[in-house]
Every structure is written in C-alpha cells, then in structure tokens.
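Spelled out, the chains give:
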Amino acid sequence: MKVLAVGDLIGESGFNKLSEEIEKIKKENNIDFIIVNGENVADGMGITKKLFDGIIKLGTDVVTMGNHTWGKRDIFGFIDDPRLIRPANYPEGVCGKGYGIYECNNKKIAVINLIGRTDMNVLSENPFLTCNKIVEKIKDKVDIIIVDFHAEATAEKIAMGYYLDGKVTILFGTHTHVQTADEKILERGTGYITDIGMTGPKNSVIGMDIEASLKRFLTTLPERYRVAKGECILNGCIFEIDDETCKLKKISRINI
C-alpha cells in the first residue's frame, strides 16, 4: 500500500496546484490512500465547504487541520464529516473529531491529527498523552495508524516521533511549511519526517506575500498577511507500507 501525504495547502492557488498534479502523482506512484492538510486553504487561514468538497473530489481520503481550524465559520456546517479531522488534543467537548478510521485495500487505517503546544498560542491538551490514549483505544481495531502532528517546534515533533516509535505506522509533521530532509524509519519501525512542507506559492514567506511579511518583521506593525501570487510548488511524502506485515518499507519526499 502507498499513502500520499500532501503538505499544507496555501490558498486557492495551493488547491489549484494540487488539482493540476494529483492525477499524475497517483498514476505514476500507484497511490492507494491520500491525506491532505487543508487548514490554510481558504485565503491562508481555515477551510470552506466549497474547498473541502473540491479536495475530496480529487480523491483525497482524509483532510487534516491545525491551528487555523476555526479560521472560517463555514467549517461549523461540515465539521462532523468523517473525512475531516481536527486536532485531537483540543479541549474536551470541542466539536469535530480528532481521528478517524477508514478502509482501504482490506485494511483499516486510523488517521490522528494533533497540534503542538510549543509556540503555537492555541489552548490544547497534552498531545503526547492524548495520542497515547487514542492509540491504546484503537490499536487492536486497526492495521495502520498515521499521525499528522501540526506543530511549530522541531524538538517537539522529534520527541513525538520517539515517543510513538513502534506504536504508530507513520508520523509526519505539518505547519512550518518548509519540507525537511530528515525522513527515516525509526528503530522500532515508525516512519518519521519533521515536516512534509507546503503546497502553495513558491516565491513567498511560507506561502504569504513577501512585502507584507517583511513589513511585519521590519516595523513590528500588524500588517495583514495575504497569500502570495505566482508559481506554486507541491510538497508531500509517499509512504510505502508492506501489505503483509503493515510495516513501513520506504519514505519518498515529493517536491514539484
């Protein structure tokens, strides 16, 4: 089985880039299951029903979120769609689901979404303890467990990788929008990469307009971020899982 994880879609231009490339990627790599992080797809902050439906129509199985989950009020109308998951360690009682279980190629795949607590300015529960609780609950009910850890600090992501090594099949990071070159299979078999990158404007500051970003850093004034224009890139990873053992065999980064 081959799982494709696509890094944070930035604005509609990121969605358009995914639309342009996804069929070719699926065909050339025999992709079976697709996860897309969509928390930045609506003007760089949040997601709308129209864009969610568009991502699903491209063949996406699961859309994960992050710190901009509630960026567009539209989400409250479809937050209970089983193909959409928000961070599982949001406070208890928050609407939506933090993980889902899906079927593909006669396998049951659990996808868990988590958010980090270091430099994220989001009220959340401990992601380590939350994830462990979910894993203990579902481990005997599924064949494969995949985690999207939406976090700022590389140290927090790396620590999570070691914490979950042997407990989950794959842990990939999102949020920083910069693809890292540290993909590896950890000692106990978990596939890991600190960040799978972004899908959005190439000439930008993590997807945002360069001039607006520079003004914020140079003046400290609250200049409004806006999605950059121009040529886009697509970042992600392909994870190859052994059909017999459900163990990870290979990780391949994508940068188009």
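The preceding data block contains the structure.
Read on for an overview of the structure.

What follows covers unusual backbone geometry. Non-glycine residue Asp43 carries a positive phi angle of around 55 degrees. If you trace the backbone, Asp43 turns up in the loop between strand 3 (33-37) and helix 2 (49-57). The backbone of Ile206 sits at a positive phi, close to 45 degrees, despite the residue not being glycine. Relative to the elements of secondary structure, Ile206 occurs in the loop between strand 12 (198-201) and helix 5 (210-219). Judged by its relative accessible area of 42%, Ile206 is partly exposed.

What follows covers the pattern of salt bridges. Counting across every chain of the model gives nine salt bridges. A salt bridge links Arg226 to Asp209, with the nearest nitrogen and oxygen atoms 3.3 Å apart. A residue pair is termed long-range when its members are at least 10 positions apart, and Arg226 in the loop between helix 5 and strand 13 (232-241) and Asp209 in the loop between strand 12 and helix 5 qualify at 17 residues.

Along the chain, Lys250 turns up in strand 14 (residues 248-255). Expressed as a C-alpha distance, the spacing of Lys250 and Ile56, which sit 194 residues apart in the sequence, is 26 Å. In contact with Lys250, other than residues within four places in its own chain, are Ile185, Ile238, Phe239 and Glu240.

If you look at the biggest cluster of nonpolar residues, it comprises 27 residues, and the most contacted ones within it are Leu4, Leu18, Ile47, Val63 and Leu84. Breaking this core down by element, the ones donating at least two residues are strand 1 (2-6), helix 1 (11-29), strand 3, helix 2 and strand 13. What Leu18 contacts, discounting residues up to four positions off in sequence, is Val6, Leu9, Val36, Leu58, Thr199 and Leu234. With 23 residues, the next largest nonpolar core counts Val111, Ile196, Cys237 and Cys246 among its residues.

This part is about the packing of aromatic side chains. Inspection of every chain in the model, using the stated rule, returns six aromatic pairs. Ring geometry for Phe33 versus Tyr102: centroids 6.2 Å apart, planes at 50 degrees, classification tilted. With Phe33 in strand 3 and Tyr102 in strand 6 (residues 99-104), this residue pair connects regions lying 69 residues apart in the sequence. The exposure class assigned to Tyr102 is buried, which follows from its relative accessible area of 11%. A ring pair is formed by Trp70 and Phe76, whose centres lie 5.3 Å apart and whose planes are at 10 degrees; its orientation type is stacked. Chaining the aromatic ring pairs together yields one cluster made of Trp70, Phe76 and Tyr90. The positively charged end of Lys167 is found above the aromatic ring belonging to Tyr163, 4.2 Å away from the centroid.

Before going further, it helps to examine the sheet that holds strand 7 (residues 107-115). What the six strands build is an open sheet, ordered 6-7-8-9-11-10; its pairing is mixed. On the outer flanks of this sheet lie strand 6 and strand 10 (184-185), each paired with one strand and no other. Of the strand pairs in this sheet, strand 9 (residues 170-174) and strand 11 (residues 191-193) are connected by three bridges, and their pairing is parallel. For Leu171, the partnering residue across the bridge sits in strand 11 and is Tyr192. Lying on the sheet, helix 4 (residues 154-164) is in contact with strand 7, strand 8 (144-150), strand 9 and strand 11; it crosses strand 9 at an angle near 170 degrees.

With 19 residues, helix 1 should reach 27 Å at 1.5 Å per residue; the first-to-last C-alpha distance of 26 Å fits that figure. Of all the bends found along helix 1, the most pronounced is centred on Glu21 and spans about 40 degrees. Of the residues making up helix 1, those classed as buried are Gly11, Gly14, Phe15, Lys17, Leu18, Glu21, Ile22, Ile25 and Lys26. In the segment just after helix 1, Asn30 is the residue with positive phi, at about 55 degrees.

Definitions and cut-offs
Residues numbered from 1 in each chain as written. Predicted model: local features only at pLDDT ≥ 70, side-chain atom pairs only at ≥ 80, totals over all residues. Heavy atoms only, no water. Helix = DSSP H or I, 4+ residues; strand = E, 2+ residues; numbered from the N terminus. Buried < 20%, exposed > 50% of the residue type's maximum accessible area, 1.4 Å probe, protein only. Salt bridge = Lys/Arg side-chain N within 4 Å of Asp/Glu carboxyl O. Contact = heavy atoms within 4.5 Å. Core = buried A, V, L, I, M, F, W, Y, C linked by side-chain atoms within 4.5 Å. Phe/Tyr/Trp six-rings, centres within 6.5 Å; stacked < 30°, edge-to-face > 60°. Lys NZ or Arg CZ within 6 Å of the ring centre and 35° of its normal. Pairing = 2+ DSSP bridges. Axes fitted to C-alpha atoms, helices over the stretch in contact; angles between N-to-C directions. Expected span 1.5 Å × (residues − 1). Bend = angle between axes of the 7 residues up to and from the residue.

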